[in-house]
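# Summary of structural features
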Amino acid sequence: MYIKHSLLDMSSFFTAYVQGLSVGLIPEKPFHMGETLDGAKISYLDIDTEKRIVEERLRGLEAQNATELEIASAMRNLGTDRAKLHGWPNTYVFTKAIGEMLLEKLEENVKLIIVRPTIITSTYKEPFSGWTEGIRTLDSIFVAYGKGKLKFFVGDPNSTLDMIPGDMVVNSMLVAMVVHTNQPSHRLIYHIGSSLRNPLKYEDMRWLMYNYLTENPLLDTGGKPIKVEKGKILETMASFHRYIAIRYLPFVQMLKLVNMILCNHFRNLHANARRRIDYSIRLAELYKPYLFFHGTFDDTTTENLRTTIRGSEVFNFDPKCIQWDEYFMNTHFPGITK
């Protein structure tokens, strides 16, 4: 997201996870044109080459009269492959990194600030507590768990879930624009998150979900409460795939065989079972970078920014003031449920 403002030429909204699967303390440093991450199989990122590869692949699919579904699947797989080739885990953070690199060209003509929030959650206070639009990031896990579609959790219990309420992200952007209005032009990076100053463990989040949904169960289509189980936690992706293969795939394969024998009599049952497995695998792969994350986002530059409004409640973006159990139980989960 790019925001034009009279106080500052450009403030840019990206993501802290643009730095891939880094571990340890992750500094607030900018990307430079052509940079790749550790573990990349290609040492230089040529954006024009990436565009050409995408365009050629799309033209090839269209020439083959591929369906929209086939094109979407093929292009998604291509994007993931290209991202991993350069060291990024998925196309979301890969394209965010490319965006940051392209902004480098503008640096000579505009004042540029890059804000990198972590996982954005519902608002802490403004415009009111718990406000959000749609189901985002890890909220998908909460909803799937609450609806009884997810019977287990995937992730390292000791990994840190770096989250920050949406209004704190907005506040940080507003303060940054004001503070840098009359300062010399140079590119600054701000990590807006909580892992350094108020970390939350994945295991704690799992229990918060269970406690909330036990006390406030979601309702099924018939209006009856959906009872959730504590859920097994699978601490590696290998254990997740093994669990799926042993626990669920044999049943689906049996349904497929019975369906064939009985002339598609169990077609819907088989399709629904297959869909649930595919959904679980898709969720696990999508959120793997967050559920097995062992980095901590340094926010020294951001903390310096906070000192300019210390003591003020108007533009607060200090994660230390958040009591996570109270926030999730009384603000975030009720907002998602609503």
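Below: a short report on this structure.

Cut-offs and rules
- Residues numbered from 1 in each chain as written.
- Predicted model: local features only at pLDDT ≥ 70, side-chain atom pairs only at ≥ 80, totals over all residues.
- Heavy atoms only, no water.
- Helix = DSSP H or I, 4+ residues; strand = E, 2+ residues; numbered from the N terminus.
- Rg over C-alpha atoms; globule rule 2.2 N^0.38 Å.
- Buried < 20%, exposed > 50% of the residue type's maximum accessible area, 1.4 Å probe, protein only.
- Contact = heavy atoms within 4.5 Å.
- Areas by Shrake-Rupley, 256 points an atom, 1.4 Å probe, with all protein chains shown as cover.
- Phe/Tyr/Trp six-rings, centres within 6.5 Å; stacked < 30°, edge-to-face > 60°.
- Patch = residues over 30% accessible without salt bridge, like charges linked within 9 Å, V, L, I, M, F, W, Y side chains within 5 Å.
- Salt bridge = Lys/Arg side-chain N within 4 Å of Asp/Glu carboxyl O.
- Lys, Arg positive; Asp, Glu negative; His and termini not counted.
- Charge placed at Lys NZ, Arg CZ, Asp CG, Glu CD.
- Core = buried A, V, L, I, M, F, W, Y, C linked by side-chain atoms within 4.5 Å.
- Polar contact = N/O pair within 3.5 Å; in protein donor to acceptor, adjacent residues only side chain to side chain.
- Expected span 1.5 Å × (residues − 1).
- Pairing = 2+ DSSP bridges.

### Some thoughts on the overall build of the chain
Per the secondary structure count, the chain includes eleven helices and ten strands. Radius of gyration (C-alpha) of the chain: 22 Å, near the 20 Å computed for a compact globule of 338 residues. A principal-axis box enclosing the C-alpha atoms of the chain has dimensions of 75 × 55 × 35 Å. By residue count, 48% of the 338 residues in the chain fall in the buried class. Look at the contacts in the chain between residues 6 or more apart in sequence, and 79% of them connect residues 24 or more apart. Accessible area for the chain stands at about 18,000 Å²; split by element, carbon and sulfur atoms hold 55% of it.

### A few points about the packing of aromatic side chains
With the rule as written, the count across this model stands at 19 aromatic pairs. Ring plane angle 70 degrees and centroid distance 4.8 Å describe the contact between Y145 and F153, whose orientation is recorded as edge-to-face. In this pair, the class of Y145 matches that of F153, namely buried. Arranged with centres 5.1 Å apart and planes meeting at 70 degrees, the rings of Y327 and F328 form a pair that is edge-to-face. By the ring-pair criterion, three or more aromatic residues cluster together here, those being Y124, F142, Y212, W324, Y327, F328 and F333.

### Examining a nonpolar patch on the surface
Taken together, the side chains of V170, L174, V314 and F315 present a nonpolar region at the surface, about 330 Å² in accessible area. Within the fold, F315 resides in the loop between α10 (300-306) and α11 (324-337).

### Considerations on a positive patch on the surface
Taken together, the side chains of K147, K149, K151 and R276 make up a positively charged region of the molecular surface. Of note, K147 is situated in the loop between α4 (139-146) and β6 (152-154). The exposure class of K147 is partly exposed, given its relative accessible area of 45%.

### A word on the nonpolar core
By size, the foremost hydrophobic cluster in this structure holds 77 residues, and its most contacted members are W88, M163 and F328. When sequence neighbours within four positions are dropped, the list of residues in contact with F328 reads M163, L200, M205, L208, F333 and P334.

### Re the pattern of salt bridges
As enumerated under the stated definition, the model contains eleven salt bridges in all. With a closest N to O distance of 3.5 Å, E35 and K29 form a salt bridge. Since its relative accessible area comes to 21%, E35 is described here as partly exposed. In this structure, R52 and E56 form a salt bridge, with 3.9 Å as the shortest nitrogen-oxygen distance. Taken as a pair, R52 and E56 lie in helix α1 (residues 47-63) at a separation of four residues, close to a single helical turn. Residue E56 is classed as partly exposed on the basis of its relative accessible area, which comes to 41%. Beyond isolated ion pairs, a larger network of salt bridges with shared partners links R197, D299, E303 and R306.

### Structural notes on the environment of E28
For E28, the location among the structural elements is in the loop between β3 (24-26) and α1. With relative accessibility at 14%, the residue E28 sits in the buried group. The spatial distance from the C-alpha of E28 to the C-alpha of D298 is 6.4 Å, given a sequence separation of 270 residues. Among residues more than four places away in sequence, those in contact with E28 are I189, Y190, H191, D298, D299, T300, T301 and T302. One polar contact links the side chain of E28 to the main-chain amide nitrogen of H191, over a distance of 2.9 Å. A distance of 2.7 Å separates the side chain of E28 from the backbone nitrogen of T301, its partner in a polar contact.

### Some words on helix α5 (residues 166-179)
Taking 1.5 Å as the rise per residue, α5 with 14 residues should run 20 Å; its terminal C-alpha atoms sit 20 Å apart, in good agreement. Of all 14 residues in α5, ten are buried; the element is thus mostly enclosed. Among the residues of α5, those classed as buried are G166, D167, M168, V169, N171, S172, M173, V175, A176 and M177.

### Some details on the environment of L37
As for its placement among the helices and strands, L37 is situated in the loop between β3 and α1. Beyond its immediate chain neighbours, meaning those up to four positions away, L37 contacts V18, Q19, G20, F31, H86, G87 and W88.

### Observations concerning the pairing of strand β4 (residues 112-117)
Within β4, six of the six residues are buried, which leaves it mostly tucked inside the rest of the structure. Where burial is concerned, the two faces of β4 agree: the one with L112, I114 and R116 and the one with I113, V115 and P117 are both buried. Summarising the sheet, β4 and strand β8 (residues 188-192) pair through five bridges and their orientation is parallel. Considered in β8, the bridge of P117 is made with I192.

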